[in-house]
Amino acid sequence: MKPPYAGVRILDLTQLEQGPSGTQVLADFGADVIKIERPGAGEIGRRMKPAEAGGYSSFWAANNRNKRSLSLDLKSPEGRRVFTELVKTADVVAANFRPGVMERLGFGYEQLAAINPRIILALASGYGQDGPYRDRRGQDLAAQALGGIMALTGDADGPPRPVGTYVVDYIAAMHFAQAIMAALAAREQNGVGQVVDVCLLNAAVAMHLQEGSAYLNDPVPVPRPRPNIAHSRNTALYGTYETSDGRAIVIIADIFIDEPWQRVCRALEIGDEIAQDPRFTTIAGLEQHPDEATAVLREAFGRFTRSDAEARLLKEDVLCAPVQAYDEVFTDPQVLFNGMVVETEIEGVGKRRIVGQPVRLLGTPADPARIAPPRVGQHNEEILAELGLSAAEIDEVRAAGAIGDENERRGRGEGDAW
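Residues numbered from 1 in each chain as written. Predicted model: local features only at pLDDT ≥ 70, side-chain atom pairs only at ≥ 80, totals over all residues. Heavy atoms only, no water.

The subject of this paragraph is the pattern of salt bridges. Taken as a whole and assessed by the stated rule, the structure comprises 24 salt bridges. In this structure, arginine 68 engages glutamate 386 in a salt bridge whose closest nitrogen and oxygen atoms are separated by 2.8 Å. With arginine 68 in strand 3 (residues 67–71) and glutamate 386 in helix 17 (residues 380–386), this pair connects stretches of sequence that are 318 residues apart. (Salt bridge = Lys/Arg side-chain N within 4 Å of Asp/Glu carboxyl O. Helix = DSSP H or I, 4+ residues; strand = E, 2+ residues; numbered from the N terminus.)

Per the counting criterion, the structure on display carries 5 aromatic pairs. Taking the centre distance of 4.9 Å and the plane angle of 15° together, the rings of tyrosine 241 and phenylalanine 301 count as stacked. With a gap of 60 residues between them, tyrosine 241 in strand 7 (residues 238–242) and phenylalanine 301 in helix 13 (residues 290–301) connect regions that are remote in the sequence. For tyrosine 241, a relative accessible area of 1% translates into the label buried. (Phe/Tyr/Trp six-rings, centres within 6.5 Å; stacked < 30°, edge-to-face > 60°. Buried < 20%, exposed > 50% of the residue type's maximum accessible area, 1.4 Å probe, protein only.)

A surface patch of nonpolar side chains, about 310 Å² in accessible area, is lined by Ile255, Phe256 and Leu319. Structurally, phenylalanine 256 can be placed in the loop between strand 8 (248–252) and helix 10 (260–267). (Patch = residues over 30% accessible without salt bridge, like charges linked within 9 Å, V, L, I, M, F, W, Y side chains within 5 Å. Areas by Shrake-Rupley, 256 points an atom, 1.4 Å probe, with all protein chains shown as cover.)

Where helix 1 (residues 18–28) meets helix 7 (residues 167–190), the axes come as close as 7 Å, and the angle between the chain directions of the two elements is 45°. Taken together, the axes of helix 1 and helix 7 lie oblique to each other. Considering the relative orientation of helix 1 and helix 7, their crossing is right-handed. Only Asp169, Ala172, Ala173, Met174, Phe176, Ala177, Ile180, Met181 and Leu184 of helix 7 make contact with helix 1, whose side of the interface consists of Gln18, Gly19, Ser21, Gly22, Thr23, Val25 and Leu26. Per-class residue counts for the contact of helix 1 with helix 7 are 10 nonpolar, 5 polar and 1 charged. (Axes fitted to C-alpha atoms, helices over the stretch in contact; angles between N-to-C directions. Parallel < 35°, antiparallel > 145°, perpendicular 65-115°, else oblique. Left-handed = near helix turned anticlockwise from the far one by under 90°. Contact = heavy atoms within 4.5 Å. Nonpolar A, V, L, I, M, F, W, Y, C, P; charged D, E, K, R; others polar.)

Of all 8 residues that make up helix 10, 7 are buried, and the element is covered over most of its length. Along helix 10, the positions that sit buried rather than exposed are Pro260, Trp261, Gln262, Arg263, Val264, Cys265 and Ala267. Structurally, helix 10 contributes buried residues whose contacts are with helix 11 (272–275), helix 12 (283–288), helix 13 and helix 14 (306–315). Backbone geometry just downstream of helix 10 places glutamate 269 in the positive-phi region, at approximately 55°.

Let us look at unusual backbone geometry. The phi dihedral of leucine 16 is positive, around 65°, even though this residue is not glycine. Topologically, leucine 16 is positioned in the loop between strand 1 (9–12) and helix 1. In this structure, aspartate 317 is a non-glycine residue whose phi angle is positive, near 60°. Relative to the assigned elements, aspartate 317 resides in the loop between helix 14 and strand 9 (320–322).

Right, dumping it as C-alpha coordinates:
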(Lines give C-alpha, C1' and ligand atoms only; values in the text may rest on other atoms or scores of the structure.)
Protein backbone atom coordinates (compact mmCIF):
# COMPACT_ATOMS: atom_id res chain seq x y z
CA MET A 1 0.00 0.00 0.00
CA LYS A 2 1.04 3.59 -0.54
CA PRO A 3 2.22 5.56 2.50
CA PRO A 4 -0.70 7.55 3.95
CA TYR A 5 0.75 10.95 3.00
CA ALA A 6 2.23 10.05 -0.38
CA GLY A 7 1.40 12.86 -2.78
CA VAL A 8 1.17 15.50 -0.06
CA ARG A 9 3.72 18.30 -0.46
CA ILE A 10 4.78 20.46 2.48
CA LEU A 11 6.91 23.59 2.12
CA ASP A 12 8.71 23.60 5.44
CA LEU A 13 10.11 26.92 6.67
CA THR A 14 10.30 25.77 10.31
CA GLN A 15 13.42 25.72 12.49
CA LEU A 16 14.78 23.94 15.60
CA GLU A 17 12.34 21.36 17.10
CA GLN A 18 8.72 22.49 17.45
CA GLY A 19 8.11 22.79 13.70
CA PRO A 20 10.63 20.38 12.15
CA SER A 21 9.70 17.45 14.42
CA GLY A 22 6.06 17.91 13.44
CA THR A 23 6.65 18.03 9.69
CA GLN A 24 9.02 15.07 10.01
CA VAL A 25 6.13 12.89 11.19
CA LEU A 26 4.34 13.41 7.87
CA ALA A 27 7.64 12.98 6.00
CA ASP A 28 8.16 9.61 7.68
CA PHE A 29 4.74 8.58 6.38
CA GLY A 30 5.42 9.56 2.81
CA ALA A 31 4.88 13.32 2.45
CA ASP A 32 7.23 15.26 0.17
CA VAL A 33 8.64 17.79 2.63
CA ILE A 34 10.75 20.51 1.00
CA LYS A 35 12.81 22.29 3.61
CA ILE A 36 13.17 25.95 2.62
CA GLU A 37 16.44 27.28 4.07
CA ARG A 38 18.42 30.48 3.85
CA PRO A 39 21.18 30.21 1.23
CA GLY A 40 24.51 29.57 2.84
CA ALA A 41 23.79 29.27 6.55
CA GLY A 42 20.68 27.11 6.35
CA GLU A 43 18.35 27.05 9.33
CA ILE A 44 19.71 28.03 12.74
CA GLY A 45 19.27 24.52 14.14
CA ARG A 46 22.15 23.27 11.99
CA ARG A 47 24.56 25.01 14.35
CA MET A 48 23.31 23.33 17.52
CA LYS A 49 25.87 21.27 19.39
CA PRO A 50 27.03 18.55 19.44
CA ALA A 51 28.23 18.83 15.84
CA GLU A 52 28.84 15.84 13.62
CA ALA A 53 31.68 15.47 11.14
CA GLY A 54 31.02 17.33 7.93
CA GLY A 55 29.23 20.21 9.60
CA TYR A 56 26.17 18.27 10.78
CA SER A 57 24.46 18.76 14.11
CA SER A 58 22.97 15.63 15.65
CA PHE A 59 20.23 17.77 17.17
CA TRP A 60 19.32 19.19 13.76
CA ALA A 61 19.53 15.88 11.90
CA ALA A 62 17.15 14.29 14.43
CA ASN A 63 14.30 16.51 13.20
CA ASN A 64 15.03 16.70 9.48
CA ARG A 65 15.20 13.26 7.94
CA ASN A 66 13.06 12.42 4.93
CA LYS A 67 13.17 16.04 3.73
CA ARG A 68 14.68 17.69 0.67
CA SER A 69 16.53 20.98 1.09
CA LEU A 70 15.98 24.00 -1.16
CA SER A 71 18.09 27.03 -0.27
CA LEU A 72 15.97 30.01 -1.22
CA ASP A 73 16.11 33.71 -0.38
CA LEU A 74 12.48 34.69 0.16
CA LYS A 75 13.42 38.38 0.26
CA SER A 76 14.76 38.38 -3.29
CA PRO A 77 12.45 38.78 -6.31
CA GLU A 78 13.67 35.55 -7.91
CA GLY A 79 13.35 33.65 -4.64
CA ARG A 80 9.81 34.92 -4.15
CA ARG A 81 8.92 33.94 -7.71
CA VAL A 82 10.22 30.40 -7.17
CA PHE A 83 8.38 30.10 -3.86
CA THR A 84 5.15 31.30 -5.50
CA GLU A 85 5.47 28.57 -8.12
CA LEU A 86 6.08 26.02 -5.37
CA VAL A 87 2.96 27.15 -3.50
CA LYS A 88 0.92 26.27 -6.58
CA THR A 89 2.12 22.66 -6.23
CA ALA A 90 1.92 22.42 -2.43
CA ASP A 91 -0.65 21.30 0.10
CA VAL A 92 0.86 22.88 3.22
CA VAL A 93 3.15 25.78 4.04
CA ALA A 94 4.61 25.32 7.54
CA ALA A 95 6.41 28.04 9.51
CA ASN A 96 7.33 28.85 13.10
CA PHE A 97 8.43 32.45 12.64
CA ARG A 98 7.13 35.00 15.09
CA PRO A 99 3.53 36.05 14.37
CA GLY A 100 3.32 38.53 11.50
CA VAL A 101 6.52 37.51 9.71
CA MET A 102 4.75 35.53 6.98
CA GLU A 103 2.55 38.54 6.24
CA ARG A 104 5.60 40.81 6.03
CA LEU A 105 7.19 38.37 3.60
CA GLY A 106 4.05 38.60 1.48
CA PHE A 107 3.01 35.01 2.17
CA GLY A 108 0.30 35.31 4.81
CA TYR A 109 -2.77 33.12 4.44
CA GLU A 110 -4.71 35.50 2.23
CA GLN A 111 -1.77 35.90 -0.17
CA LEU A 112 -1.15 32.13 -0.23
CA ALA A 113 -4.85 31.32 -0.74
CA ALA A 114 -4.94 33.70 -3.71
CA ILE A 115 -2.19 31.57 -5.27
CA ASN A 116 -3.65 28.22 -4.19
CA PRO A 117 -7.09 28.13 -2.52
CA ARG A 118 -6.42 24.61 -1.20
CA ILE A 119 -3.26 25.63 0.66
CA ILE A 120 -3.01 25.05 4.41
CA LEU A 121 -0.85 27.53 6.33
CA ALA A 122 0.42 25.75 9.44
CA LEU A 123 1.85 28.13 12.03
CA ALA A 124 3.69 27.16 15.21
CA SER A 125 4.67 29.75 17.81
CA GLY A 126 5.33 30.35 21.48
CA TYR A 127 1.94 31.69 22.53
CA GLY A 128 -0.38 31.74 19.50
CA GLN A 129 -1.01 34.04 16.57
CA ASP A 130 -3.13 36.47 18.62
CA GLY A 131 -3.64 37.51 22.22
CA PRO A 132 -1.70 39.49 24.86
CA TYR A 133 1.50 37.41 24.52
CA ARG A 134 1.46 37.31 20.71
CA ASP A 135 4.70 39.24 20.23
CA ARG A 136 6.73 37.61 23.00
CA ARG A 137 9.59 35.32 22.12
CA GLY A 138 8.74 31.70 22.89
CA GLN A 139 10.92 28.77 23.92
CA ASP A 140 10.55 25.43 25.71
CA LEU A 141 11.88 26.55 29.11
CA ALA A 142 9.63 29.61 29.12
CA ALA A 143 6.63 27.42 28.28
CA GLN A 144 7.51 24.98 31.07
CA ALA A 145 7.60 27.91 33.49
CA LEU A 146 4.50 29.73 32.28
CA GLY A 147 2.48 26.57 31.69
CA GLY A 148 2.85 25.18 35.22
CA ILE A 149 5.20 22.27 34.55
CA MET A 150 8.15 23.60 36.54
CA ALA A 151 5.95 24.36 39.55
CA LEU A 152 5.21 20.62 39.83
CA THR A 153 8.73 19.37 39.11
CA GLY A 154 11.52 18.87 41.64
CA ASP A 155 11.31 17.97 45.31
CA ALA A 156 9.05 19.87 47.69
CA ASP A 157 12.03 21.17 49.67
CA GLY A 158 13.92 22.42 46.59
CA PRO A 159 13.43 24.96 43.81
CA PRO A 160 11.16 24.38 40.81
CA ARG A 161 12.95 22.50 38.03
CA PRO A 162 12.38 21.97 34.32
CA VAL A 163 12.01 18.52 32.79
CA GLY A 164 15.35 17.18 31.58
CA THR A 165 14.51 17.31 27.87
CA TYR A 166 12.65 19.73 25.58
CA VAL A 167 9.34 18.13 26.47
CA VAL A 168 7.06 21.04 25.48
CA ASP A 169 8.81 21.45 22.13
CA TYR A 170 8.16 17.78 21.40
CA ILE A 171 4.54 17.76 22.56
CA ALA A 172 3.85 20.94 20.56
CA ALA A 173 5.50 19.32 17.53
CA MET A 174 3.15 16.35 17.81
CA HIS A 175 0.21 18.78 18.10
CA PHE A 176 1.56 20.45 14.95
CA ALA A 177 1.57 17.16 13.07
CA GLN A 178 -1.92 16.27 14.34
CA ALA A 179 -3.28 19.68 13.38
CA ILE A 180 -1.85 19.45 9.85
CA MET A 181 -3.36 15.98 9.48
CA ALA A 182 -6.74 17.29 10.69
CA ALA A 183 -6.57 20.24 8.29
CA LEU A 184 -5.78 17.91 5.39
CA ALA A 185 -8.77 15.75 6.34
CA ALA A 186 -11.00 18.86 6.61
CA ARG A 187 -9.88 19.96 3.14
CA GLU A 188 -11.05 16.63 1.76
CA GLN A 189 -14.48 17.43 3.21
CA ASN A 190 -14.64 21.12 2.29
CA GLY A 191 -12.29 21.63 -0.65
CA VAL A 192 -10.38 24.60 0.79
CA GLY A 193 -7.43 25.14 3.07
CA GLN A 194 -7.23 27.02 6.37
CA VAL A 195 -4.81 28.29 9.03
CA VAL A 196 -3.39 25.93 11.66
CA ASP A 197 -2.37 27.67 14.91
CA VAL A 198 -0.29 25.61 17.39
CA CYS A 199 1.75 27.00 20.28
CA LEU A 200 4.07 25.94 23.08
CA LEU A 201 1.93 27.44 25.85
CA ASN A 202 -1.12 25.40 24.87
CA ALA A 203 1.01 22.26 24.74
CA ALA A 204 2.32 22.90 28.25
CA VAL A 205 -1.15 23.54 29.66
CA ALA A 206 -2.64 20.54 27.86
CA MET A 207 -0.13 18.27 29.60
CA HIS A 208 -2.09 18.98 32.81
CA LEU A 209 -5.37 17.76 31.34
CA GLN A 210 -6.08 15.48 34.33
CA GLU A 211 -4.61 17.51 37.18
CA GLY A 212 -5.74 20.78 35.64
CA SER A 213 -9.32 19.61 35.18
CA ALA A 214 -9.40 18.41 38.79
CA TYR A 215 -8.07 21.77 39.98
CA LEU A 216 -10.58 23.74 37.90
CA ASN A 217 -13.40 21.96 39.70
CA ASP A 218 -11.80 21.79 43.14
CA PRO A 219 -9.11 24.50 43.32
CA VAL A 220 -6.71 22.87 45.76
CA PRO A 221 -3.06 23.63 44.87
CA VAL A 222 -1.16 20.59 43.60
CA PRO A 223 2.03 20.30 45.70
CA ARG A 224 5.41 19.33 44.39
CA PRO A 225 6.30 15.82 45.59
CA ARG A 226 8.35 15.02 48.64
CA PRO A 227 11.75 13.37 48.10
CA ASN A 228 11.34 9.80 46.82
CA ILE A 229 7.73 10.35 45.71
CA ALA A 230 7.49 10.51 41.93
CA HIS A 231 4.32 12.58 41.73
CA SER A 232 1.70 14.32 43.80
CA ARG A 233 0.29 10.95 44.92
CA ASN A 234 1.55 10.87 48.49
CA THR A 235 2.31 7.16 48.88
CA ALA A 236 5.48 5.13 49.22
CA LEU A 237 4.23 2.74 46.54
CA TYR A 238 4.63 5.43 43.86
CA GLY A 239 8.24 6.53 43.80
CA THR A 240 11.93 5.89 43.26
CA TYR A 241 14.26 3.72 45.30
CA GLU A 242 18.00 3.11 45.25
CA THR A 243 19.20 -0.48 45.08
CA SER A 244 22.33 -2.15 46.50
CA ASP A 245 24.32 -1.58 43.29
CA GLY A 246 23.78 2.20 43.40
CA ARG A 247 21.13 2.16 40.70
CA ALA A 248 17.47 3.16 40.95
CA ILE A 249 14.09 1.63 40.27
CA VAL A 250 10.58 3.06 40.27
CA ILE A 251 7.45 1.32 41.49
CA ILE A 252 3.92 2.30 40.53
CA ALA A 253 1.93 -0.04 42.72
CA ASP A 254 -0.67 1.95 44.60
CA ILE A 255 -3.75 1.74 42.35
CA PHE A 256 -3.17 -0.89 39.68
CA ILE A 257 -3.33 -4.17 41.64
CA ASP A 258 -5.04 -5.75 44.62
CA GLU A 259 -3.11 -5.90 47.91
CA PRO A 260 -0.20 -3.84 46.55
CA TRP A 261 1.64 -3.50 49.88
CA GLN A 262 1.51 -7.23 50.52
CA ARG A 263 2.79 -8.01 47.03
CA VAL A 264 5.74 -5.65 47.37
CA CYS A 265 6.52 -7.12 50.77
CA ARG A 266 6.54 -10.65 49.37
CA ALA A 267 8.75 -9.58 46.47
CA LEU A 268 11.30 -7.88 48.75
CA GLU A 269 11.14 -10.48 51.56
CA ILE A 270 9.66 -8.06 54.07
CA GLY A 271 8.27 -9.98 57.05
CA ASP A 272 4.59 -10.74 57.63
CA GLU A 273 4.36 -8.43 60.61
CA ILE A 274 5.06 -5.38 58.46
CA ALA A 275 3.23 -6.83 55.45
CA GLN A 276 0.05 -7.00 57.53
CA ASP A 277 0.60 -3.72 59.40
CA PRO A 278 -2.77 -1.89 59.13
CA ARG A 279 -0.95 1.42 58.61
CA PHE A 280 0.20 0.21 55.20
CA THR A 281 -2.37 -2.27 53.91
CA THR A 282 -4.70 0.38 52.44
CA ILE A 283 -3.99 3.36 50.20
CA ALA A 284 -5.55 5.65 52.79
CA GLY A 285 -3.16 4.27 55.41
CA LEU A 286 -0.16 4.66 53.11
CA GLU A 287 -1.12 8.28 52.47
CA GLN A 288 -1.33 8.90 56.23
CA HIS A 289 2.05 7.27 56.94
CA PRO A 290 4.26 8.01 53.90
CA ASP A 291 7.52 8.47 55.79
CA GLU A 292 7.26 5.22 57.75
CA ALA A 293 6.32 3.20 54.66
CA THR A 294 9.08 4.82 52.61
CA ALA A 295 11.68 3.95 55.26
CA VAL A 296 10.59 0.29 55.15
CA LEU A 297 10.89 0.10 51.38
CA ARG A 298 14.13 2.04 51.23
CA GLU A 299 15.78 -0.47 53.56
CA ALA A 300 14.33 -3.42 51.65
CA PHE A 301 15.41 -2.20 48.21
CA GLY A 302 18.90 -1.62 49.61
CA ARG A 303 19.29 -5.38 50.03
CA PHE A 304 18.85 -6.22 46.33
CA THR A 305 20.48 -5.26 43.07
CA ARG A 306 18.29 -3.39 40.62
CA SER A 307 17.91 -6.36 38.27
CA ASP A 308 17.07 -8.69 41.16
CA ALA A 309 14.52 -6.25 42.60
CA GLU A 310 12.94 -5.82 39.17
CA ALA A 311 12.65 -9.56 38.62
CA ARG A 312 11.11 -10.09 42.06
CA LEU A 313 8.55 -7.30 41.58
CA LEU A 314 7.60 -8.50 38.09
CA LYS A 315 7.02 -12.00 39.49
CA GLU A 316 4.40 -10.46 41.77
CA ASP A 317 2.96 -8.47 38.83
CA VAL A 318 3.99 -5.18 40.42
CA LEU A 319 4.36 -2.36 37.91
CA CYS A 320 7.97 -1.21 38.04
CA ALA A 321 10.80 -0.04 35.81
CA PRO A 322 14.55 0.50 36.12
CA VAL A 323 15.73 4.09 35.89
CA GLN A 324 17.82 3.89 32.73
CA ALA A 325 20.45 6.29 31.45
CA TYR A 326 21.09 6.70 27.72
CA ASP A 327 23.63 3.85 27.60
CA GLU A 328 20.84 1.53 28.73
CA VAL A 329 17.89 3.15 26.93
CA PHE A 330 19.44 2.76 23.49
CA THR A 331 20.44 -0.87 24.07
CA ASP A 332 17.17 -1.85 25.76
CA PRO A 333 15.72 -4.91 23.95
CA GLN A 334 12.18 -3.48 23.75
CA VAL A 335 13.45 -0.11 22.48
CA LEU A 336 15.40 -1.91 19.75
CA PHE A 337 12.48 -4.22 18.93
CA ASN A 338 10.19 -1.20 18.57
CA GLY A 339 12.49 0.27 15.93
CA MET A 340 13.42 3.32 17.97
CA VAL A 341 17.06 3.22 16.82
CA VAL A 342 17.47 3.67 13.07
CA GLU A 343 20.66 3.74 11.02
CA THR A 344 20.94 6.14 8.11
CA GLU A 345 23.67 7.10 5.65
CA ILE A 346 24.50 10.81 5.57
CA GLU A 347 26.46 12.03 2.57
CA GLY A 348 29.90 13.26 3.57
CA VAL A 349 29.45 12.01 7.12
CA GLY A 350 28.82 8.28 6.91
CA LYS A 351 26.49 6.03 8.85
CA ARG A 352 24.76 7.63 11.81
CA ARG A 353 22.10 6.34 14.16
CA ILE A 354 18.99 8.39 14.89
CA VAL A 355 15.90 8.01 17.06
CA GLY A 356 13.12 6.31 15.11
CA GLN A 357 9.44 7.04 14.52
CA PRO A 358 7.36 6.13 17.61
CA VAL A 359 4.07 5.61 15.74
CA ARG A 360 3.51 2.20 14.14
CA LEU A 361 1.13 1.52 11.26
CA LEU A 362 1.35 -2.16 10.43
CA GLY A 363 -0.15 -1.79 6.95
CA THR A 364 1.70 1.36 5.91
CA PRO A 365 4.72 1.64 8.22
CA ALA A 366 6.88 4.72 8.48
CA ASP A 367 10.27 4.76 6.76
CA PRO A 368 12.55 6.92 8.93
CA ALA A 369 15.57 6.28 6.69
CA ARG A 370 13.98 7.02 3.29
CA ILE A 371 15.90 10.30 2.82
CA ALA A 372 18.90 11.21 4.95
CA PRO A 373 19.01 14.68 6.56
CA PRO A 374 20.10 16.89 3.64
CA ARG A 375 22.89 19.38 3.08
CA VAL A 376 21.80 23.00 2.67
CA GLY A 377 20.42 23.28 -0.85
CA GLN A 378 21.20 19.66 -1.68
CA HIS A 379 18.04 19.34 -3.79
CA ASN A 380 18.01 22.77 -5.45
CA GLU A 381 18.36 21.58 -9.04
CA GLU A 382 16.06 18.61 -8.52
CA ILE A 383 13.20 20.69 -7.08
CA LEU A 384 13.54 23.55 -9.59
CA ALA A 385 13.59 21.07 -12.45
CA GLU A 386 10.33 19.62 -11.10
CA LEU A 387 8.85 23.11 -11.47
CA GLY A 388 9.78 23.02 -15.13
CA LEU A 389 12.86 25.26 -15.04
CA SER A 390 15.55 24.43 -17.55
CA ALA A 391 19.23 24.20 -16.61
CA ALA A 392 19.76 27.68 -18.03
CA GLU A 393 16.86 29.08 -16.00
CA ILE A 394 18.21 27.45 -12.85
CA ASP A 395 21.56 29.12 -13.54
CA GLU A 396 19.75 32.45 -13.85
CA VAL A 397 18.07 31.94 -10.48
CA ARG A 398 21.42 31.09 -8.94
CA ALA A 399 23.10 34.08 -10.59
CA ALA A 400 20.38 36.33 -9.12
CA GLY A 401 21.43 35.10 -5.65
CA ALA A 402 18.08 33.45 -4.92
CA ILE A 403 19.59 30.01 -4.27
CA GLY A 404 22.96 28.79 -3.07
CA ASP A 405 24.64 25.96 -1.22
CA GLU A 406 26.09 25.65 2.27
CA ASN A 407 29.36 27.30 1.25
CA GLU A 408 27.76 30.51 0.04
CA ARG A 409 26.88 33.61 2.08
CA ARG A 410 27.40 31.85 5.40
CA GLY A 411 26.42 33.81 8.46
CA ARG A 412 23.46 35.81 7.18
CA GLY A 413 21.24 37.23 9.90
CA GLU A 414 18.61 35.01 11.45
CA GLY A 415 15.87 37.58 10.90
CA ASP A 416 12.62 37.25 12.79
CA ALA A 417 12.70 33.50 13.43
CA TRP A 418 11.85 33.99 17.08
